[in-house]
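Letter by letter, the chains look like this.
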Amino acid sequence: MDSIPASLMVLNGKGAGNDLLRSAVKLLREEGITLHVRVTWEKGDAERFVNEAVALGVETVIAGGGDGTINEVATALSRIDTAIRPALGIVPLGTANDFATSTGIPDELDKALKLAIAGKATPIDLVEVNSEAAFINMATGGFGTRITTETPERLKAALGSVSYLLHGLLRMDTLQPDRCEIRGENFQWQGDALVIGFGNGRQAGGGQQLCPDALINDGQLRVRIFTGDELLPALFTTLTRPDDSPNIVDGISSWFEITSPHEMTFNLDGEPLSGQQFRLEVKPGALLCRLPPDCPLLR
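What counts as what
- Residues numbered from 1 in each chain as written.
- Predicted model: local features only at pLDDT ≥ 70, side-chain atom pairs only at ≥ 80, totals over all residues.
- Heavy atoms only, no water.
- Axes fitted to C-alpha atoms, helices over the stretch in contact; angles between N-to-C directions.
- Helix = DSSP H or I, 4+ residues; strand = E, 2+ residues; numbered from the N terminus.
- Parallel < 35°, antiparallel > 145°, perpendicular 65-115°, else oblique.
- Left-handed = near helix turned anticlockwise from the far one by under 90°.
- Contact = heavy atoms within 4.5 Å.
- Phe/Tyr/Trp six-rings, centres within 6.5 Å; stacked < 30°, edge-to-face > 60°.
- Buried < 20%, exposed > 50% of the residue type's maximum accessible area, 1.4 Å probe, protein only.

Visitor: Which parts of the structure should I look at to understand the packing of helix α1 (residues 19-30) against helix α5 (residues 109-118)?
Guide: With their axes 9 Å apart at the nearest point, α1 and α5 run at an angle of 45° to one another. In terms of orientation, α1 lies oblique with respect to α5. The crossing of α1 and α5 is right-handed. The segment α1 lies against α5, with L20, L21, A24, V25 and L28 engaging L109, D110, L113, K114 and I117.

Rendered as structure tokens:
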């Protein structure tokens, strides 16, 4: 396996003590594979390590962590010149792992690591937001975003993705819709939104399939809006019988613009961005990502 090019893994600090991962890295190194590991401590580390990876001449930068770590690494990679930009590999180590799960990346760390190093690099889309931030999987707004950004870390660690639902039920008093207008190609909607999901990928919040038809290499972004008329009936109809719900609005476009009379917060793969105006724009084939050959999110 000594013909496999070098990689650098950007490892979220929370996963630094993972014995299974440590063993998998050791085994690959014993097989002659060059794998650098850098551990993040604070915001900005991922971008610095991506730049270091380019200087080292590696062919892959592996995001070892959850959706937030993947977002940081993917965003940093998108800023590197295409001629020298490494591919993105993924080793899922987070609470939700929505992007990794929906793309079919193995849960087993040794298998995920091998795929991240030697899998086929496939062009995938990235979505730029207000020319200042980006996401690879999904941007969510509304009640669901308030829950995921407010859920205590200790609850997440103890219960995993169930923690989001539990915390949400405890915070039903915050169930207030966001008034906004959303425009795209052949798409226009305005009203009260309980939850908004813009999907390059399909799921968020620990397995919620917000945009079940999304593909990560078609140059298009899906939107699903859960409208806020009669909040509680709308919420429960949507959760229990989503196909029958009159409170769901779907759309597809290569860009969307959102305007609101009040401040809204969107969660971009775990990274919050607040404001009253947002422009989301798909950057087709912006990254190369090492994915399984049968990845369901590829057309």
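That covers the picture; the talk isn't over yet.
Visitor: Is there a simple way to explain the packing of aromatic side chains in this structure?
Guide: The description of an aromatic ring pair rests on the distance of the ring centres and on the angle between the ring planes. In the structure shown here, the tally under the stated rule is four aromatic pairs. With 5.3 Å between their ring centres and 50° between their planes, F198 and F256 make a pair best called tilted. With a gap of 58 residues between them, F198 in strand β9 (residues 187-199) and F256 in strand β14 (residues 255-268) connect regions that are remote in the sequence. Residue classification places F198 among the buried residues on the basis of a relative accessible area of 0%. Seen in terms of ring centroids, F198 and F266 are 5.9 Å apart; in terms of plane orientation they differ by 50°. Their pairing is tilted. Highlighted residues: F198 in strand β9 and F266 in strand β14, separated in sequence by 68 residues. Grouping residues by exposure puts F198 and F266 together as buried. Through successive ring pairs, a cluster of aromatic residues spans F187, F198, F256, F266 and F278.

Visitor: I would appreciate a short explanation of the environment of H262 in the present structure.
Guide: Looking at the element boundaries, H262 is found in strand β14. Among the residues examined, H262 registers a relative accessible area of 28% and is labelled partly exposed. With 84 residues separating them along the chain, H262 and D178 place their C-alpha atoms 8.2 Å apart. Beyond its immediate stretch of four places on either side in the chain, H262 contacts D178, R179, G275 and Q276.

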